[in-house]
Structures are given as structure tokens and as C-alpha cells.
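Chain by chain, the residues:
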Amino acid sequence: MTNHKNMKFTLKIWRQKDAKSKGKFVTYKITDISSECSFLEMLDILNEQLINKNEEPVVFDHDCREGICGMCSLYINGRPHGPDDAITTCQLHMRKFRDGDTIVIEPWRARPFPVIRDLMIDRSAFDKIIQEGGFISVNTGGAADANSILISKLPADLSMDAAACIGCGACVATCKNASAMLFVAAKVSHFALLPQGRPEAKERVRRMVAKMDELGFGNCTNTFACEVECPKLISVSNIARMNREFLCAKVG
Amino acid sequence: MAELIAKIPKGPLTQKWSEYKSHQNLVNPANKRKLDIIVVGTGLAGASAAASLGELGFNVKNFCYQDSPRRAHSIAAQGGINAAKNYQNDGDSIYRLFYDTIKGGDYRSREANVYRLAEVSGAIIDHCVAQGVPFARDYGGLLDNRSFGGALVSRTFYARGQTGQQLLLGAYSSLSRQIKLGSVTLYNRHEMLDLVVIDGKARGIIARDLITGKLERHFGHAVVIATGGYGNLFYLSTNAMGSNFSACWQIFKRGAMLANPCFTQIHPTCIPVHGAYQSKLTLMSESLRNDGRIWVPKNKEDAEKLRKGLIKAKDIKEPDRDYYLERRYPAYGNLVPRDVASRAAKERCDAGYGVGSTGLAVYLDLEESIGRLGKHVIEERYGNLCQMYEKIVNEDPYKNPMMIYPAVHYTMGGTWVDYELMTTIPGCYCLGEANFSDHGANRLGASALMQGLADGYFILPYTIQNYLASEIKTPRMATDRPEFAETEKSVTDRIEKLMKIGGTRSVDHFHKELGKIMWEYVGMGRNEAGLTKAIGLICALREEFWKDVRITGTPAEVNIELEKANRVADFLELGELMAMDALNRKESCGGHFREEYQTPEGECMRNDQDYMYVGVWEYAGPEKPYKLNKEPLHYEEIEVKQRIYK
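Thresholds applied
- Every chain begins its residue count from 1, and numbering advances along the sequence as written.
- Whichever chain is written first is A, and whichever ligand is written first is 1; the rest continue in order.
- The predicted origin of the model limits local features to residues at a pLDDT of at least 70 and limits the giving and counting of side-chain atom pairs to 80 or more, whereas totals for whole chains, interfaces and linings rest on all residues.
- A run of H or I in DSSP counts as a helix once it spans at least four residues, and a run of E counts as a strand once it spans at least two, with each numbered from the N terminus.
- Our exposure labels follow a C-beta count within 10 Å of each residue's own C-beta, placed from the backbone: buried means 20 or more other C-beta atoms, exposed means 12 or fewer, and partly exposed covers the counts in between.
- Once C-beta atoms are placed from the backbone, any two residues with those atoms within 7 Å are in contact.
- The split into domains, and so the bounds of each, comes from an automatic or database assignment of domains.
- Residues are grouped as follows: nonpolar covers Ala, Val, Leu, Ile, Met, Phe, Trp, Tyr, Cys and Pro; charged covers Asp, Glu, Lys and Arg; every other residue, Gly included, is treated as polar.
- Structural elements are reduced to axes, namely lines fitted to C-alpha atoms, with helices fitted over the stretch in contact, and the angle between N-to-C directions of any two is expressed from 0 to 180 degrees.
- Any angle that falls under 35 degrees is termed roughly parallel, while one over 145 is termed roughly antiparallel, one within 65 to 115 roughly perpendicular, and all others oblique.

Draft legend 1. Main features of the overall build of chain B. When helices and strands are tallied, chain B shows 19 helices and 19 strands. Each principal axis of the C-alpha atoms in chain B carries an extent, and together these give about 75 × 60 × 50 Å. For chain B, buried positions account for 61% of its 646 residues. The long-range fraction of contacts in chain B, counting pairs at least 24 apart against all pairs at least 6 apart in sequence, stands at 75%.

Draft legend 2. Quick peek at unusual backbone geometry. Residues and elements named next belong to chain A. Of note, the phi angle at Asn-222 is positive, near 55 degrees, even though the residue is not glycine. Its identity is not glycine, yet Phe-224 carries a phi of approximately 65 degrees, on the positive side. Along the chain, Phe-224 falls in the loop between α6 (201-214) and α7 (225-229).

Draft legend 3. Examining the domain arrangement of chain B more closely. Residues and elements named next belong to chain B. Its domain assignment divides chain B into domain 1 (269-408) and domain 2 (482-613). Between the C-alpha centres of domain 1 and domain 2 the distance comes to 31 Å. Each partner contributes residues to the interface: domain 1 has six residues there, and domain 2 has five residues. Sorting elements by how many residues they give to the side of domain 1 that touches domain 2 places helix α11 (residues 338-350) first, with five residues. When the residues that make up the side of domain 1 that touches domain 2 are grouped by side-chain class, the tally is one nonpolar, one polar and four charged.

Draft legend 4. Broad picture of the interface of chain B and chain A. Tallying the contact residues gives 68 residues for chain B and 69 residues for chain A. Elements supplying a minimum of two residues to the side of chain B that touches chain A: α3 (44-56), α5 (111-131), α6 (163-181), α13 (375-393), α14 (448-468) and α18 (560-584) of chain B. At nine residues, α6(B) tops the list of elements feeding residues into the side of chain B that touches chain A. When grouped by side-chain class, the residues that make up the side of chain B that touches chain A number 23 nonpolar, 29 polar and 16 charged.

Draft legend 5. Main features of the domain arrangement of chain A. All names here are of chain A. Taken domain by domain, chain A comprises domain 1 (6-117) and domain 2 (123-139 + 148-251). Here the C-alpha centre of domain 2 lies 29 Å away from the C-alpha centre of domain 1. Domain 1 puts 17 residues into the contact, and the matching count from domain 2 is 17 residues.

Draft legend 6. Representation of the packing of helix α16 (residues 507-521) of chain B against helix α17 (residues 528-548) of chain B. All names here are of chain B. Relative to each other, α16 and α17 sit at 175 degrees, their axes nearing to 9 Å. Relative to α17, α16 is oriented roughly antiparallel. On the side of α16, the interface is formed by Phe-510, Glu-513, Leu-514, Ile-517 and Tyr-521, while α17 contributes Gly-530, Leu-531, Lys-533, Ala-534, Leu-537, Ile-538, Leu-541 and Phe-545. Along the lines of polarity and charge, the residues of the contact of α16 with α17 split into 10 nonpolar, one polar and two charged.

Here you go:
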């Protein structure tokens, strides 16, 4: 707040009319951007200027603008969610850039996440994976008293660490194989670590992995780029846990 | 004047809900399959309702405007969810939760609904744990609790600072399971644009596919609206950018009514506004008030120096700090309800003690708690909040106190519903923040999650059957009926009208202007002159909008500007009604503070004699004034008193 300064940028933004059209980079100049402005607010300003010129604004996904809904994406200068650690794009601020920088903005690039328009992509593949087994089969109404299940603090905390995934897809976007292993492993681990999740553990991991493969996500080659770019710092040790669960499900 | 029948069951308060359930009509399993239910919204209320109705065997269609149901704004709720479990043995009970909620709402909510909410609160926690929601636990493996404003007990369950996220992902997982089983069909990136009413009953919706721009007709034996509140009307709020009230405004125009629209909640602990380009305000959870102390300097000179950046908060010695909440409200201290805390912050800033470059901020200081408990404990409790703060403000809240200021957060007002959560349109229901029933004039912290899930998991799945039992002979209707065609035509006409304007100003321009008017005159402090002025300004702005808004592109494609224009057009009407409601209510209660009606100490002065009613507004037709109906509030169990937190 105190060290505000005005900045200017050259933006190279991916524009694509719709899923079928061919896209291209378009260059925009933007000036008088406050260093305290968020990245998406900078795009708001650009869009306002485009509308004033009667041009079509850049389409991008966003909603909560506080780093939790997982709707914003954007590949910024070669990094999902841009040049800062443990954030979503909506939490990125212009103070992380230098005055006069050229900023390249692309959508997530992964075959299972087709572009809808400009920077907006279709991530329903993630929903489909969850629908295969990312749940505990319990109907409303039949549950026992909440404190009748005791869960030690450590597994409860580890489960929460995994459950913090926001489903943004940065892990897929950054992976050279477009692997969804970190996303799937986070959900598998969230349930695998809790006693409530054990009865369906084998079925869950089998089905979710099969769906992930079917939808065209690649395999994991242990480069751990996903962990580096995850806004919620989900650990790759979850992938190890998922592999163990998967193996046990196969042999058991 | 329409008749408002709340359908509150007879009998003693504690027995009403069981009495209702014992005698209501039910639908048998074979018939459930033949009944279609449309649920609009996939937040806590919408997703939990859609999942539970699917589990029961109904055929459910669930709509959301985001790319996935998991994005709904319930996800952003941080601090926790209340439940009367009394796991801490600190004297909690269903009655106490009920009482705190009524009192917190400043005696402007419906007693029977609130009692039921408290009654089912425990079952929510049981169900969420069974779903695998990773609530915080202590070393013995039992569930942990924290305290929230307006309560003397610890009854708030939490999952770090991401409780809303975990509860929503729980509901989303149940919903996903039903989608796979085929009982729920999901329509993501779809937005409801009108309600179809046939022979006086809700029978479907017109929705726009936000990718292709195509309008679609969907039939349902009943329609459930769970689309959240209208805080985004203020432009700057803690709501998500897409949060809107259009579904509720559409049903309002089709015969549903709107209750207490002036009751908005201004949350005391948000990151202050810092620039004209700003798009939203970020909440810092109320849970921070468990361990954070709120203060401003005692001396104006210090405040002045802080504003100019000549000194830092750390330079102010302990005796020179004014912990004004602890000073004014010794019994509840930093944990007074939100409306009280917000007004107190405004009072200090208006009096010249505010800090930050704008003078519109107060400190929330974790220093003492870090000293007492250690940084690791504070980190474990609020780590993600502190990280959020650091990313936005570029300051370390473990080292310097956070700067906070009130911001629009929640709306207690909403669609009028009866005890069954049905609106005044038969077959049309309204759940969660979108309805008005449970929070009166002020909502207590950690009660929004409770209400959303109570409505969706444990109330609607019962009450909707009482209606659907008489619909089992109604066959699925074809969507080529004239009622569908006419409703679709009115949507097409409106879109065409918007596109044709071809003006010079963006939708955001109008939204921001509206927000400024609302914050200035219909915000934390309201008075007759200001409200009257606001109505004039809003009407003029609305006129300008319909003459000068510019929407680029076409309706037959992804068109964000068109989506926004539809929503802002509705906000421009709702804003006027909010100001009218605030003008009508000549008293101060909860979040509604009329400056003319306050005690010498600056507290709310209620007028129970004249205003102990729900203000229920009715749409009378285009260009006609809205009609005010009244639902009187009767308190059988509770003695109505002045709210005192001292």
C-alpha cells in the first residue's frame, strides 16, 4: 500500500474465437498500472480499454478473486498462475513484475482441457474423475454422532493437506505429460487417510485412475513440477500414496 | 394485498419440526422417479439439496454458471460452521444456539425457523464427518471447536481457514456421486434467465448456455432457487465476481416476494480498499477475533503520523492503544457480533483515529496471542489467512498488525419463504442466503454455512415432498407449451434490447457507479435524506444504463459483457428497492443502522412497537410501485429485549 508506483507493460495475449478456430497472440500496450493492482485487475483495465475502443474484451475464467474457488487459470510467462509461489492468478500482483516487462499470457495447454475461447478452458474432465469415485457413499440422514469416529491428529491433518486442492489444473498445465496425478492423488489421499474412506478405498483408486487415463491425461515421470506450481502446496508424496493404494488395490 | 401464510406448525416451539415431519405428505419411491426437480445453484444449499433429492430418487437437474459446481462462492467461507453439539461441555444447547441466533439477528427473524435450524445443526456435523470432511481435531482424535461472535460458548467446527471449501467439496462429492448414478444431471456454465409459471405453479426455467449462447427450456415439477445473496450489488464486496441475484429477481417478477432487502451485513474484518481499479474486497475471517485484538491509537496525533507513514504500529506503546471493542463491550470484547464491530470501527475512523494511508482502517493484532501461544499455533490456526493477507498487502501479519476495515459480506434479506421454504409461487422454493428466514437483521458468524446445509440436507428434502405428493399425477410437460415459448420470448426480447443499445459505457462502469451510491447512502449508516437521494440517483443511473451501456459481441457466443449486463440491470432495480425498504424501516436494528434512531451511546434503537415485522415487497407490474406487505413477528419462547453485549 505504501510503495505504490505506476508501471507499463507489453502484453502478448492468446486470442481464440472459439474451440474450433485457430488462435494467435495479439500484442497490447498498457500503461499507468499501479504496482498494487492484481493481475486480473490489470486485465480488467485492459478489457475496459478494449470495450471503449469497441473491441471484444479478452475472455478469462475467474470468480472468487481470493485464491480459493480455483476458477482462474492463465499461463503467465511460462508459469501457471505466474511468477510467484503458492498462489492463484487472482492473488498475483503487478509488483511481481518489472516496469516495462513483456508479459505472455496463455491458456492452460493440455489436450484434456480444450480452449473454449481466448484464455477460457474446459476443465470438466476433473469433474468426471471425481464422479468416478471422489466421494464416500453415504446418503444424507444416516450418519452416527460425529465424535463416534476418532481420528488421530496427524492423519487428520495430512488428509486436510490433501483436501486443500482447489482443482485449478495448474498441475496438469505445468506437467510436460499433462498428467493429472497430483489432482487425483490429492483426492485419493484425502479419503485414504480417513477411516470413513477405507471401505471404498480400492474401488475408488481403481476407478479414478482408469478415468484419468481414459480422458487422455498423461503419466507421471516424477519431475515434480506439479508440486512447485500448486497454489495450495499439495505434496507429491500424495502421488506415492496413490501409487501404493493403486498397487494394493490390484493385488488385493 | 397478498396474504402471507408462513405455515408454521402448531404446538410448542420445540415440537414443531417433529410434529411437521410426523404428519407431512411423502412421495413413494416409485413416484419419486417420475418427478423432476430443478435446482439452480451449486453452493452449500444448492449442492446439498440436489444431492439429497437425488439420493431420495427424484430426477434432479442442477444448474451453475461456473465451469464446475465446486466453484460456487460458498467455497470462500473461511471460519467455520456452528452446531449445538456441546462437545466442549461449556453449556451449549439447541436452545442456546437458537437464542443466540435470534438475539444476534436483533429480533427480526422467525422464531420457528430459527429453532429448527438449531435443532438440525448437530446432524449436519454428523453427516459432514461421514462424508469425509476433514474438520480440525485435537490430539485425542475428537473434533475441535472455536468461538465466533455473539456467543459465549465454543460451538464452531472448522477446517483450518477453509471450512466453506471443505463443506462445499463434501456436498460436491455427494453431488458427483449422484451425477454418476444418473439421478442428477448437471448443467454447468448455464445461467437461469427466467422462471416458467404454468397455471400458477412453477414448472420450469429458461436457461442460457453460456458457451453457445443458446436459450434452453427446462421443465420441472418444482423449481428450487439457491443462488446466494445480493452483496455484489455494492460492486466492492467479499462476494465472487459472478455472484448475482438475478434468479431471485426473476422469480420476484413472476410472483415471489422479497423480504427485508435492506438487511445487509457489513463484515468488520476485511482488507481495506486501496485503489480505484479494485475489483473486490477480501475477507479476513472472524475467527481471527479469537486470537486477534482490535485497536486504534488513543491519540489523534499518533493516528495522523501512522497515516503519513512516519511511524509504525509497533511504535505505539501499549498504554497509547485503544482496544475499543474491549473497552466498550467488556463481556464479549473482540467477539461482539459483526454489525456492532463494524459500526465501532466506522465510529473510530470517522472520529479521526483511523490508520492506513486512507485513514479507513483499524488494526487487528495477533502479537499478544503469538506471545502467549507461539507463532506455530497461530500459523496452524490461521496460516492460509495470513498468507492471503501477505499476498495482497505485501506485509507480514505475524510481524505487523493487520489493517482491516468493514466491507459488504452477506445479505440477510432475500426471497420470502414460508416454513416449508416455499416462496409465494407454489412449487418454487428458495434456500440458503437467497432466502430471508433465519438471520433477522444480522447474521452471526459461522451461521451461513449452517443454514445453507440445514436447508439443503435436512429441510427441503422433507418439505418439498409435502408439495410433490399432490403432483404425482402431473405428467412431465413438453417444453413446446405456449408458457415456455412466451417466457423464452421475453428473455430473447430483453437480450435484444440490451444488445441494441450500443452505447458508450461498459457494464462495469455502471456497476461501479451503483456500488458507490449504495455504499455512500445505503451502507453502514443510513438516514432519510441520504436514502431519498440514493433512490433518485439509482433511478437516473438505471435510465442512463438503458440508454448508454455498450455490450460488445453477439448473444450467440461466449459473451461475458452480456452476462454482466443482465445481472447489473437487475441490481439497478434491486438497489432502489433496498433503499426504499431502508427508508421505510424507521428504526435501527442489526445491520440496518438509521442514524436518526440511536441511543446516546451510539447503539441501535429498535422500534418494536411499529417495526416488529418482516417487510415483504411485492412486484405489481412494470412501471408500478412495489407494494409493501407485512408479516408480523411473534415471539412465544423468547423475551424480546434490547441487545446488550456489554
